[in-house]
Amino acid sequence: MSERGALKQRLGVDVGGTFTDFVLLDEETGELTIHKCLTTPSNPSDAVVKGMEQIDIEEPGFVSKLDELIHGTTLVINAIIERKGARTGLITTKGFRDILELGREIRYAPFDIMAEFPLPLVPRELRVEVDERVTADGSILTPLETEQARQAINGLLDRQVDSIAVCLLNSYANPVHEQELKSLITEIAPGIPFSISYDVLPQIREFERTSTTVTNAYVKPLTEEYLTCLSSRLEEIGFSGRLFIMLSSGGITSVETAAEHPVRIIESGPTAAVIAGQYYGRLFDISEMFCFDMGGTTAKSCLIQDGVAGVVPTFEVGRVQRFMRGSGLKIQVPVVDLMEIGAGGGSIARIGRMGTLQVGPESAGAEPGPCCYGQGGSQPTVTDADLVLGYLDADHFLGGTMQLDIEAARLGIEECIAVPLGISLVQAAWGIHDMINETMAAAAKTHIAEKGGDPVTVTLAAFGGAGPVHAAGLAQKIGASRVVIPPHAGVGSALGFFTAPRAFDTARSHKVALSEIDLKRVDGIFEQLGKEGEIALGLDAGEEGVTHSRSLDARFIGQGSETNVPLPSGDLATIGTEGIRNLFDVIYERLYGRTYPDTPLELVNLRLRSSLPVKLLDLPSSEISVETHPQALKGERLAFSEHSEDFIPHQVWDRHHLTPGDSFHGPAIVEESESTLIVPSGAMVEVDEYGFLWCDLTEVMGE
Amino acid sequence: MSERFDPITLEILWRRLISIVDEADVTVARTAFSSLLRDAHDYTCMFTDRQGRELAQGTLATPGQSGAMALGIKSIVEKFVTSELQPGDVFITNDPWALAGHLNDVCVLSPIFHHEQLVGFTACVFHHSDIGGRVASDNRDVFEEGLFIPLVKLYAGGKLNEEVLDMIRWNVRTPDEIVGDIRSQTAANHVCAIQVCKLLSDYKLDSLDDLADEIIERTEASMRASITELADGIYTSSVEIEQRPEEPNLTIAASIEVSGDEITVDLSGSSAEVRWGGNVVYNFTYAYVFMALKSMFDPEVPNNHGSAAPIRLIAPEGSVVNCHFPAAVAARMQIGHFLTEVVYRALSPALPDRVLAASGGTPATMNVFYGKDHVGVPWHTVIIRGGGMGASQGEDGGHCFIFPANGANTPVEILESETPLHIECRQLLPDSGGAGKQRGGLGRRVVFRVPEGESALSGPVNMGLQSGRFQLPPEGLNGGCSGGLAHFSVNNEAGDPYGLTQLQPGDVVTMDAAGGGGFGNPLDRELELVAADLERGYISSTRASEDYGVVLDSEGIIDAAGSISERRSRRKAQKAKRRGA
């Protein structure tokens, strides 16, 4: 490898809404160092540089020792939500200027006649048509009228666009006209950022492809500017390693590729937790793991099967009605199959119109926050309930850096929930805690069912500030008997930065009946996709070992939706049509209970992921010891037990002093600075050699 | 009220019921064959307690189907001899009078057993793209419209009745698709039943009865409380619906009596049955009356048997809104969708902030195309479309939705790859949105071309159409103007929207959807909004000056001062005219 082989430090930087998190990994020792500073929204690179300078004070010279910096950012998604992207023009086929605005025409809330819809990113006056037409089989019906195309481009420039999107009808089948437009744009307006649908995502369905291409064009100038600025500032402070950007699909990529395909880094931030989960799944050889990351506003979760998270081809951004499926802009890019719901510590509890308790999806956020923050919040939240139930310690929240006001929490729950419902304070607090668990469980079960998983056999991995507090309750509701809490669970997603492979996904529509398939031709397309993937990976000289994993989307002929079928390695000609058929039937049966081997199949899309090997990460491990560590037991306090329906004494353990081999029974509470684990009566906790807490609920659920 | 559930457990169980149906709903979307189901979501899943009272329906349910099922399943269940039902029984029917009003809507219904006790029923209705028969709106009776499946057992005690499936196979044009979709219905019911049983086990309940009582009573109380807020009185209105040129237009008359916490909608005075497929069965009429009232009074609370309890419907027997067997019903949406509009119009003076002006997507438009491709292989497709939404007091109407029904369009690239048709354009129609303080949504033009020359097909392409608004446009409210009319032409000559049209190679079909009605006086529309509409090309400069009273300078820019004085004098003229009248 290169000379940098001697440098052994990697830094993960995650720019979030409130905090920018830093995780420094020393590869030799496996030690992790955590640092946080406030995000600087006007120029997020300020916080990145500032945080690194702060770390440098504690570890002088670390910047120059850095081998890699891996960066996750909410820049792109925020630009779309806040509508701060470029003034973008769209060039499209004559007759189809309004595809972007018409969308799919479905009303996402059938009985809500006032439901709002998002405005298109490119208004009608900036959408221009050109005379050209390609048919569904790729043949040319009307050649591109060059002079008119020039006028269209010049027309957009006259209207002062800063970015141009091109999406022509049926271009997935033949991109020749889009390519001609590309050369014309480069000739007429050298330097203007442009996005061509065939390069962005060449797949059938014109609205989704147009929407994706337009979104890419909309965020391209600002992404380019940000990444250029970040690179040069890092250089200024002495960084000489490689900079990688986290993709929504779970891989990492070069700065150049991220700048070219900014729409691919849209869910860059939350993805890290999933990657970490994949790593744990493999490390502990867990066939089905359900990762669950509960923060202040939302809970995100994802099912990981055999160490691999699902990747879905579509994503919705900027929902007009939060959490209402269908109310956002639809884009077609590979995104880790994350489910996000409005359930977090800040979720507000109130009495609904039906006279029943409702919790979330509205959140008290950081300002004013829960009642117990003492910042003027008067609506009770999940955190208030957790405090009243004794799960949180008012004096040790966030490692004691923030004092909580339990009286304010009691008052809020009493006044807003207990009195109106005619129930006790404790019943109300438990109700809030239990309700949010139920909300998460309902969403989790649907998500797991959609992936063909079984909630009863999953291991639940809990992250985030509120995750471990609710993990055991959630696990019981979905029927899972094992919970694992990784070290630094409060910022536990950070490890994901270091275990993500360098990878890039490519795809092409290729619609053909399996009985008429030309396997050699398909192999040829995969080969072409592989070449494109390697270019996007931006390999350094001497870097090798790229693997290409292929899959195809297939369906019964006439069926409306496709099923993704991963392919084993080797020529398709060797696998044969019968082999493909068998692979499909196995997956279809797992997902939907039964398959129909006599009903003919067709292929719709070909997909390929090009990736470099995952860097192995050696977590620091210690010998399992049989000694007990009395200093880990801090004492005990009263907390609510569902089983006893009352407050009972819980042993309180300090996670920082627990060592491998320690074990204890519930009822217990394990505290660390960013989070708290609640262990119900009857549950058993063990600390493994890596410092993970394993909580076994078999006895609790056997009742 | 039952004391069995505290308000917290009740909410948890209630949510669980809805998530169960949504899980069944997802199963359909992932297993269905027809693009009408998968892409357009023309189906509804629901389940009931053992008395057939609806407990929960899918979040994206189609209002016509869900409302009709709520009544239909209950009356089917009431006729069952429950001691004869056994686990593994699955029933199938498409009786338009029993359920959703036309033969294409096929219902699959299964009892749910828990510990060998009957606890409820799960049902789903899918719109199948073909059910045989002659595909057109001008059929004279239901016998011409396709296969009629009375309530029969598809599975008896878990054993498939192959004869029933065979009977269906031999009566439809695309048997594999229909049978595939029926399998998907069975799977959806199966998922629902398993989850209901799991809920009962989890909460150690023997039946759904107490839970059903509690949920239904609370839902009913909420709807009643909301109705009480409206002053008692009788609110009346009517809508006129166009017919073939040689026949008189139809009327739907509505007299809505609000009395305390109840509403009675009386449709007496509505026209008699028609001699084409537009007749509406009672259940379907009820569904769209309910859609209107639910959307106005209690849109957030999930639908169940209780939501409907305070609403009474009187629809005269033998009228077009309560037709008798064997009236032709295939195109029932062409009339049925207007029921929501008539309710909004009647109640608009009392509740102007909760209604919409008339929509161009009322009725929905449906095209059926079928024929043989250039090598003689049969093909068949159904596409549905809407038009501009009516404006409301606070918002412009959205462009192009199906309303009050719901559904999605089929992508042009999917249509072109699955059928031989060529689509020349799909675009908004400028000036089609009704002028108003809030503008109606724009309609849309779609142009289809039948291939000719080398790629010409074997034989003609048959096209059936269900639509409306060719003569009477969607009207505005509170001084808003009407939206633009719909148009249908073949090679630029007006086509017949009722019959089956045979298309030849090279034929070009143009379908313009109507725009939505405006809300409020167009002279009150903010100048910046008129300017934006002009810049986007939603309106022309002619309409800007004629409808909105704005004055444009030589560059086409709005002259604010000139516009204000022009609008002032026009308002005076309007007032004078009103006084004169």
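Conventions adopted
- Residues numbered from 1 in each chain as written.
- Chains lettered and ligands numbered in written order.
- Predicted model: local features only at pLDDT ≥ 70, side-chain atom pairs only at ≥ 80, totals over all residues.
- Helix = DSSP H or I, 4+ residues; strand = E, 2+ residues; numbered from the N terminus.
- Buried ≥ 20, exposed ≤ 12 C-beta atoms within 10 Å, placed from the backbone.
- Contact = placed C-beta atoms within 7 Å.
- Domains from an automatic or database assignment.
- Nonpolar A, V, L, I, M, F, W, Y, C, P; charged D, E, K, R; others polar.
- Pairing = 2+ DSSP bridges.
- Axes fitted to C-alpha atoms, helices over the stretch in contact; angles between N-to-C directions.
- Parallel < 35°, antiparallel > 145°, perpendicular 65-115°, else oblique.
- Left-handed = near helix turned anticlockwise from the far one by under 90°.
- Expected span 1.5 Å × (residues − 1).
- pLDDT = per-residue confidence, 0-100.
- Bend = angle between axes of the 7 residues up to and from the residue.
- Core = buried A, V, L, I, M, F, W, Y, C linked by C-beta atoms within 7 Å.

1. Remarks on the overall build of chain A
So, point 1. Secondary structure assignment for chain A yields 18 helices and 35 strands.
So, point 2. Summarising its shape, the C-alpha atoms of chain A cover approximately 80 × 65 × 55 Å along the three principal directions.
So, point 3. Expressed as a percentage of its 703 residues, the buried residues of chain A come to 51%.

2. Details of the overall build of chain B
So, point 1. The helix and strand tally for chain B stands at 14 helices and 20 strands.
So, point 2. With the principal axes as the frame, chain B shows a C-alpha extent of 80 × 65 × 40 Å.
So, point 3. Looking at chain B residue by residue over its 581 residues, the buried ones come to 56%.
So, point 4. Taking the intrachain contacts of chain B between residues at least 6 apart in sequence as the baseline, contacts between residues at least 24 apart amount to 75%.

3. As for the domain arrangement of chain B
All names here are of chain B.
So, point 1. If you check the domain split of chain B, you get domain 1 (7-219), domain 2 (356-519) and domain 3 (527-580).
So, point 2. With centres defined by C-alpha atoms, the gap from domain 2 to domain 3 works out at 30 Å.
So, point 3. Each partner contributes to the interface: domain 2 provides 7 residues, whereas domain 3 provides 8 residues.
So, point 4. In the side of domain 2 that touches domain 3, the residues fall into 4 nonpolar, 1 polar and 2 charged.

4. Some words on the interface of chain B and chain A
So, point 1. Listed as interface residues are 64 residues of chain B and, on the opposing side, 53 residues of chain A.
So, point 2. Those elements that provide at least two residues to the side of chain B that touches chain A are helix H1 (7-31), helix H2 (35-38), helix H5 (175-202), helix H6 (209-228), helix H7 (282-297), helix H11 (412-418), strand S14 (422-428) and helix H12 (527-536) of chain B.
So, point 3. Tallying contributions element by element places H1(B) first for the side of chain B that touches chain A, with 14 residues.

5. Regarding the pairing of strand S32 (residues 668-671) of chain A
All names here are of chain A.
So, point 1. With burial as the criterion, each face of S32 is covered, one bearing Ala668 and Val670 and the other bearing Ile669 and Glu671.
So, point 2. Examined bridge by bridge, strand S30 (residues 646-654) and S32 share 4 bridges and lie parallel to one another. The partner of Asp654 across the bridge, within S32, is Glu671.
So, point 3. As paired strands, S32 and strand S33 (residues 676-679) are joined by 4 bridges and run antiparallel to one another. Residue pairing for S33: Glu671 is matched across the bridge by Thr676.
So, point 4. Hairpin connection of S32 to S33: 4 residues between the antiparallel strands.

6. Observations concerning the packing of H1(B) against H5(B)
All names here are of chain B.
So, point 1. Viewed as axis vectors pointing N to C, H1 and H5 meet at an angle of 155°, and their least axial separation amounts to 9 Å. By the angle between their directions, the pair H1 and H5 is classed as roughly antiparallel. Where H1 crosses over H5, the two elements pack in a sense that is right-handed. Contacts from Arg16, Ile20, Val21, Glu23, Ala24, Thr27, Val28 and Thr31 of H1 reach H5 at Ser184, Ala187, Ala188, Val191, Cys192, Gln195, Val196 and Leu199.
So, point 2. Residues that form the contact of H1 with H5 fall into these classes: 10 nonpolar, 4 polar and 2 charged.

7. Regarding the sheet that holds strand S29 (residues 633-641) of chain A
Residue and element names in this part refer to chain A.
So, point 1. Spatial ordering of the open sheet is given by S29-S30-S32-S33, a layout of 4 strands whose pairing is mixed. Only two strands of the sheet have a single partner each, and these edge strands are S29 and S33. For this sheet, the mean angle separating the axes of adjacent strands, direction not counted, is 25°.

8. Considerations on the pairing of strand S9 (residues 163-167) of chain A
Residue and element names in this part refer to chain A.
So, point 1. For S9, the tally of buried residues reaches 5 of 5 residues, placing the bulk of the element in the interior.
So, point 2. Burial along S9 is two-sided: the face carrying Ser163, Ala165 and Cys167 and the face carrying Ile164 and Val166 are both buried.
So, point 3. With 5 bridges joining them, strand S5 (residues 88-93) and S9 adopt parallel strand pairing. The partner of Thr88 across the bridge, within S9, is Ser163.
So, point 4. Here S9 runs beside strand S10 (residues 194-196); their pairing, made up of 3 bridges, is parallel. Residue pairing for S10: Val166 is matched across the bridge by Ile196.

9. Examining the sheet that holds strand S18 (residues 493-494) of chain B
Residue and element names in this part refer to chain B.
So, point 1. Across the sheet, which stays open at both edges, the 5 strands sit in the order S14-S15-S20-S17-S18 with antiparallel pairing between neighbours. Among the strands making up the open sheet, the edge pair consists of S14 and S18.
So, point 2. Across 4 bridges, strand S17 (residues 487-490) lies against strand S20 (residues 508-512) in antiparallel orientation. Residue pairing for S20: Phe488 is matched across the bridge by Met511.

10. A word on helix H10 (residues 271-283) of chain A
Residue and element names in this part refer to chain A.
So, point 1. In this model, H10 (13 residues) spans 19 Å end to end at C-alpha, consistent with the 18 Å of a helix rising 1.5 Å per residue.
So, point 2. When you tally the buried positions in H10, you get 11 out of 13 residues, the bulk of the element.
So, point 3. Those residues of H10 lying buried are Thr271, Ala272, Ala273, Val274, Ile275, Ala276, Gly277, Gln278, Tyr279, Tyr280 and Gly281.
So, point 4. Residue Asp285 follows H10 closely and has a positive phi angle near 55°.

11. Some words on the confidence of the model for chain B
Low pLDDT means the predicted atomic positions in that stretch should not be read closely.
Residue and element names in this part refer to chain B.
So, point 1. The share of residues in chain B with pLDDT of 70 or more is 99%, and the mean pLDDT across the chain is 92.
So, point 2. Across chain B, the secondary-structure element scoring lowest on mean pLDDT is H2, at 72, and the one scoring highest is strand S10 (residues 262-266), at 98.
So, point 3. Predicted as a complex, the structure gets a pTM of 0.87 and an ipTM equal to 0.91.

12. Quick word on helix H12 (residues 406-421) of chain A
Residues and elements named next belong to chain A.
So, point 1. The terminal C-alpha atoms of H12, which comprises 16 residues, lie 21 Å apart, in line with the 22 Å expected from a rise of 1.5 Å per residue.
So, point 2. Glu414 marks the point of greatest bend in H12, at about 45°.
So, point 3. Considered for burial, the residues of H12 that qualify are Ala408, Ala409, Arg410, Gly412, Ile413, Cys416, Ile417 and Ala418.
So, point 4. Note on H12: the residue one or two positions beyond its end, Gly422, has a positive phi of about 70°.

13. A short note on the packing of helix H5 (residues 146-158) of chain A against helix H6 (residues 176-188) of chain A
All names here are of chain A.
So, point 1. H6 packs onto H5 with a crossing angle of 55° between their chain directions and a minimal axis gap of 10 Å. In terms of their interaxial angle, H5 and H6 are classed as oblique. The handedness of the crossing between H5 and H6 comes out as right-handed. Side by side, H5 and H6 meet where Ala149, Arg150, Ile153 and Asn154 of the first sit next to Leu181, Leu184, Ile185 and Ile188 of the second.
So, point 2. Taken together, the residues of the contact of H5 with H6 sort by class into 6 nonpolar, 1 polar and 1 charged.

14. Here we look at the domain arrangement of chain A
So, point 1. Its domain assignment divides chain A into domain 1 (3-80 + 225-259), domain 2 (83-219), domain 3 (347-434), domain 4 (503-611) and domain 5 (630-702).
So, point 2. Between domain 1 of chain A and domain 3 of chain A, the C-alpha centre-to-centre distance is 36 Å.

15. Thoughts on the environment of Asn154(A)
Residues and elements named next belong to chain A.
So, point 1. For Asn154, the location among the structural elements is in helix H5.
So, point 2. With 13 C-beta atoms counted inside 10 Å, the residue Asn154 sits in the partly exposed group.
So, point 3. Sequence separation of Asn154 and Ile188 is 34 residues, and the distance between their C-alpha atoms is 7.8 Å.

16. A few points about the nonpolar core
So, point 1. Ranked by size, the top nonpolar core spans 343 residues in total, and within it Phe292(A), Leu460(A) and Val343(B) carry the most contacts.
So, point 2. Leave out the neighbours within four places in its chain, and Val343(B) touches Ala254(B), Ile256(B), Val265(B), Val289(B), Ala292(B) and Leu293(B).
So, point 3. Membership of the second largest hydrophobic core comes to 13 residues, among which are Cys481(B), Tyr538(B), Ile539(B) and Tyr548(B).

17. A short note on the confidence of the model for chain A
So, point 1. On average, residues of chain A score 87 in pLDDT, and 95% of them are at 70 or above.
So, point 2. pLDDT under 50 marks residues 1-5 of chain A. Its contacts with residues more than four places away, or in other chains, come to 2 contacts.

18. Focus: the environment of Ser673(A)
So, point 1. By the secondary structure assignment, Ser673(A) is in the loop between S32 and S33.
So, point 2. Between the alpha carbons of Ser673(A) and Cys302(A) there is a distance of 25 Å; along the sequence they are 371 residues apart.

19. Side note on unusual backbone geometry
Residue and element names in this part refer to chain B.
So, point 1. For the bond from Phe325 to Pro326, the omega torsion is 0°, close enough to zero to count as cis.
So, point 2. Along the chain, Pro326 turns up in the loop between strand S11 (311-314) and helix H9 (333-336).
So, point 3. Following Phe403, the chain continues into Pro404 via a peptide bond in cis, with omega recorded as 5°.
So, point 4. Backbone geometry places Asn492, a non-glycine residue, at a positive phi of 65°.
So, point 5. Residue placement: Asn492 occurs in the loop between S17 and S18.

20. Let's talk about the environment of Ile263(B)
So, point 1. One can find Ile263(B) in strand S10.
So, point 2. Discounting chain neighbours no more than four positions away, the residues touching Ile263(B) are Ile227(B), Ile256(B), Val258(B), Leu293(B), Pro310(B) and Ile311(B).

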